[in-house]
Amino acid sequence: MQTLKVDLGERSYPIFIGDHLLARQDLFAGLIRGRQVAIVTNETVAPLYLSQLQGALEGYAVTSIVLPDGEAFKNWQTLQTIFDGLLESRHDRRTTLIALGGGVIGDMAGFAAACYQRGVDFIQVPTTLLSQVDSSVGGKTGINHPLGKNMIGAFYQPRGVIIDTATLATLPARELSAGLAEVIKYGLICDAPFLDWLEQRIGDLRALDSVALTEAIHRSCAAKARVVGADETEQGIRAILNLGHTFGHAIETHQGYGAWLHGEAVAAGTVMALEMSRRLGWIETAERDRAIRLLAAAGLPVVPPQDMTAADFLRHMAVDKKVENGQLRLVLLKELGQALVTADFPREVLDETLTADYQAIVKELGA
Ligand code: NAD
Ligand code: GLY
């Protein structure tokens, strides 16, 4: 097992990474302060892993709240189901919520923990690659609004993150690829040597090689922990973690939550951010193409949806959380391995980026 720390003063917490950690009673006991525990999971993950986790929680009063599965359920109504379950079983302020599932469950259970009786403890037990490398770390919690992704939420840090890499064995290949979008993101924004490593090992990662997966998860979580430790509430540098997300969130909202997976939308959005960075003269065409090849090799879409117009993008991007005083800020690349957040770009470059022929770019690459 490997351990990392998210360094946030008195709210610091550990990230444990390893095989079969779901059964590790000692890890959970070290993070739980009261006697009551509520596991929040969904109807896909529950049959796979709920009983294992319940086994590790022997001796606690455990309630299991099983939600419907899907991004389309990341909303007020489902959140209310969590509160119903907590109140019906008389959970008090010493309760610990455990989020068992992917990013949808983690974001919702974390937000429920932030709100329930003005805040109770919670633990992240992420079971998708995306949630293991990104959403379980850093304390962003929340739900979607029909008008915008993740628009309602709170910064609320977990007591710990327990990453059981064995759970990835049951993850559909498409979901694994979606997680790789966020892994590749770390290379692009802050760790250029990681891109070399990923180019070598992308096949192993897709084949679920456990050594390669553990290395990728560790390196991704370490990068995320560094950025979050420097800027917990996204006053500045943390926004670089959103490379491709402004374009990607527009895709997710426009297509209807769940039609494109979050990681897939981020991948296509990253291609748009690469193209814009190239148009601004910051990265070379060869660098853009190298990154597109890696995203494609990860099994990800690299062309935005053909039915979305520039106006569609702009409408959805106007409600992005990085908009300040009506001004759109974007995460772009100064070079591969170095991101920046900027509102300082000519409007026509954004327009050209939104209307670029991505199909032609990708066709030329043979990606
Ligand atoms: P998800 O939670 O929808 O999980 C994907 C699918 O895999 C679901 O059907 C789920 O039930 C299933 N699943 C989960 N674990 C499984 C397993 N081990 N075996 C088989 N099936 C399994 O999606 P996700 O990609 O994990 O997360 C996406 C969400 O995370 C989005 O809502 C996004 O906004 C959010 N997110 C949040 C942050 C953050 O910092 N909080 C960061 C990135 C993404
Ligand atoms: N996924 C972006 C962040 O955690 O800040």
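To keep things clear, this report deals only with the structure shown in the data block. (Residues numbered from 1 in each chain as written. Chains lettered and ligands numbered in written order. Predicted model: local features only at pLDDT ≥ 70, side-chain atom pairs only at ≥ 80, totals over all residues. Heavy atoms only, no water.)

**Looking at the site of ligand 2**
Part 1 of the argument: Every residue close to ligand 2 is listed here: D134, K140, K224, E234, R238, L241 and N242.
Part 2 of the argument: Within the side chain of D134, one N or O atom sits 3.2 Å away from a nitrogen atom of ligand 2.
Part 3 of the argument: For ligand 2, whose unbound accessible area comes to 200 Å², protein coverage reaches 90%.
Part 4 of the argument: Here the residues of the shell around ligand 2 sort into one nonpolar, one polar and five charged. (Near = heavy atom within 4 Å. Polar contact = N/O pair within 3.5 Å; in protein donor to acceptor, adjacent residues only side chain to side chain. Areas by Shrake-Rupley, 256 points an atom, 1.4 Å probe, with all protein chains shown as cover. Nonpolar A, V, L, I, M, F, W, Y, C, P; charged D, E, K, R; others polar.)

**Things to note about the packing of aromatic side chains**
Part 1 of the argument: A full pass over the atoms with the stated rule returns four aromatic pairs.
Part 2 of the argument: When the ring of F83 is compared with that of Y116, the centres are 6.5 Å apart and the planes differ by 15°; the resulting orientation is stacked. Linking F83 in helix α3 (residues 76–88) with Y116 in the loop between α4 (103–115) and β6 (121–126), this pair joins segments that are 33 residues apart in sequence. The exposure classification of F83 matches that of Y116, with both residues buried.
Part 3 of the argument: Pairing F122 with Y156 gives two aromatic rings, centres 6.1 Å apart and planes at 15°, and the pair type is stacked. With F122 in strand β6 and Y156 in the loop between β8 (148–155) and β9 (160–164), this pair connects stretches of sequence that are 34 residues apart.
Part 4 of the argument: Y156 gets classed as partly exposed once you look at its relative accessible area, which sits at 22%.
Part 5 of the argument: Here the basic side chain of K185 rests over the ring of Y186, its NZ or CZ set 4.9 Å away from the ring centre. (Phe/Tyr/Trp six-rings, centres within 6.5 Å; stacked < 30°, edge-to-face > 60°. Helix = DSSP H or I, 4+ residues; strand = E, 2+ residues; numbered from the N terminus. Buried < 20%, exposed > 50% of the residue type's maximum accessible area, 1.4 Å probe, protein only. Lys NZ or Arg CZ within 6 Å of the ring centre and 35° of its normal.)

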